[in-house]
Amino acid sequence: MDSEVNHHLLSFAWWDDCIALDFFHAIMDGETAYRVLRTLLYEYCRRRYDSGLSADGVWTADSPVNDDEWTDPATMPRPELQTLQTAPNSQQSPAVTPNVVNIAIDPIAPITDRHDVVHIVTDEALMMDVVHACHGTPAVLLSLLLNKAVARLHPDHDEAAPTVVLAANLRKALGTPLSHHSLVGGVMLPLSREMRDADIGTQIAEMRRMIARQTAPERIQAYFWQTFERMNMLEQMPTLEARHQAMSQVNTISRQYASTSLSYVGKANMGAAEQYVRELRTESCTPYLISLQVAAVGGSFCLSFMQQFTTDVYLDAFLDEMRQLGLTCEITGRHPMETPPIAAFRAATFSAQL
């Protein structure tokens, strides 16, 4: 965090009919951010539309605070674990991780430093009909479609598998279900050559088995404490320059283990204020050239497709995979991802008030 954002780790903004919550991922993950957003929306809508708006499911100033919400798993006794090395951002062992289609090394479109964000909306009831028909979940289905899109565009990679790293909530496995620390890991979901021609039900079932294996408590614990040790080593470095140098290859290394990434916190459940929400857009910077953030609110699934390519070849393939399942969708917005210039905005506002 630097002067561009006035050294803020958390900020709020509004313009036209939009409200924005911008946060540094180390201080909260999607689960916690949704709680903050619920309160923000409730307080705004209560003042703007309905003074009697129900606060059910929303934290307010009068809500009790459970002591377990403060619990940091790193302060708990460390369990005795079998030594298990895990791949970056995941609970998967590198020894069993298949070769990955690395779209950064072998792209079929020019790569750019710019993050292009495309916002896509599809009907929630329609999505859930498809999900139930194939005995899946929204996150697993969309992970599969991302993999199928990459596989379609890289058909000659017989020994490499398109692989999504799916964000996973670690709280339950760590024994801290109420904690509001940032506790998120990743599950590797490859689509092997053998699985590409299988029916969708078989593909979904196999991906769910992968999730079950990788989210076993012993794997989650091993991943968490290995990450804890890495962060301790980083913090012990005496200068910021040394820390930046140590992290300089994180993008390159991460892309060796996954082609794309996907995050879905779950249904937003914004309470009584949800009736006033048209769309929930979630954006994040990841090490991957394609990332998909998913939110479900107000009867819609809102997908934020983030890419670092100069053409839409990967986006078009993904949208076509959705259409083949009958998932019609609408592109509701598009813009480059930018860090909000909070410091410049405040300076301009202050000057205008003088």
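Just so we're clear, the structure is a prediction, and the values are computed from it rather than from any experiment.

## Some words on the confidence of the model for the protein chain
The predicted model of the protein chain averages 89 in pLDDT, with 89% of residues at 70 or higher. Looking over the protein chain, one finds the lowest element-wise mean pLDDT in helix α11 (residues 342–353), namely 46, and the highest in helix α10 (residues 313–324), namely 98. Counting contacts from residues 341–354, a segment whose pLDDT is below 50, to residues more than four positions away or on other chains yields nine contacts.

## Notes on the packing of helix α2 (residues 124–133) against helix α3 (residues 138–153)
Viewed as axis vectors pointing N to C, α2 and α3 meet at an angle of 85°, and their least axial separation amounts to 9 Å. Classified by the interaxial angle, the pair formed by α2 and α3 is roughly perpendicular. Within the contact between the two elements, α2 uses M127, M128, V130 and V131 and α3 uses P138, L141 and L142.

## Some remarks on the pairing of strand β4 (residues 163–169)
Taking burial as the measure, the seven residues of β4 include five buried ones, the bulk of the element. The pairing of β4 with strand β6 (residues 260–267) spans three bridges and is parallel. Bridging across to β6, L166 finds its partner in L262.

## Section: the nonpolar core
The biggest cluster of nonpolar side chains holds 49 residues, and the ones touching the most others in it are L141, L142, L262, L292, F305 and F318. Other than its neighbours up to four places away in sequence, L142 contacts M127, L262, L292, V294, L303 and F318. Formed by 16 residues, the second largest nonpolar core is a distinct cluster that contains Y34, L53, A273 and A295.

## Considerations on α2
Along an α-helix, residues three or four apart share an orientation, since each turn contains 3.6 residues. Three or more residues of α2 are buried, namely E124, M127, V130 and V131. Axial view of α2: buried residues confined to an arc of 130°, hence all on one face. Exposed side chains of α2 directed beyond 90 degrees from the buried face belong to D129, H132 and A133. The distance from a side-chain oxygen at the start of α2 to the backbone nitrogen of A125 is 3.1 Å, and the residue carrying that oxygen is D123. Remark: H135 follows α2 within two positions and exhibits a positive phi of approximately 60°.

Thresholds applied
Residues numbered from 1 in each chain as written. Predicted model: local features only at pLDDT ≥ 70, side-chain atom pairs only at ≥ 80, totals over all residues. Heavy atoms only, no water. pLDDT = per-residue confidence, 0-100. Helix = DSSP H or I, 4+ residues; strand = E, 2+ residues; numbered from the N terminus. Contact = heavy atoms within 4.5 Å. Axes fitted to C-alpha atoms, helices over the stretch in contact; angles between N-to-C directions. Parallel < 35°, antiparallel > 145°, perpendicular 65-115°, else oblique. Buried < 20%, exposed > 50% of the residue type's maximum accessible area, 1.4 Å probe, protein only. Pairing = 2+ DSSP bridges. Core = buried A, V, L, I, M, F, W, Y, C linked by side-chain atoms within 4.5 Å. Arc of directions from axis to C-beta. Polar contact = N/O pair within 3.5 Å; in protein donor to acceptor, adjacent residues only side chain to side chain.

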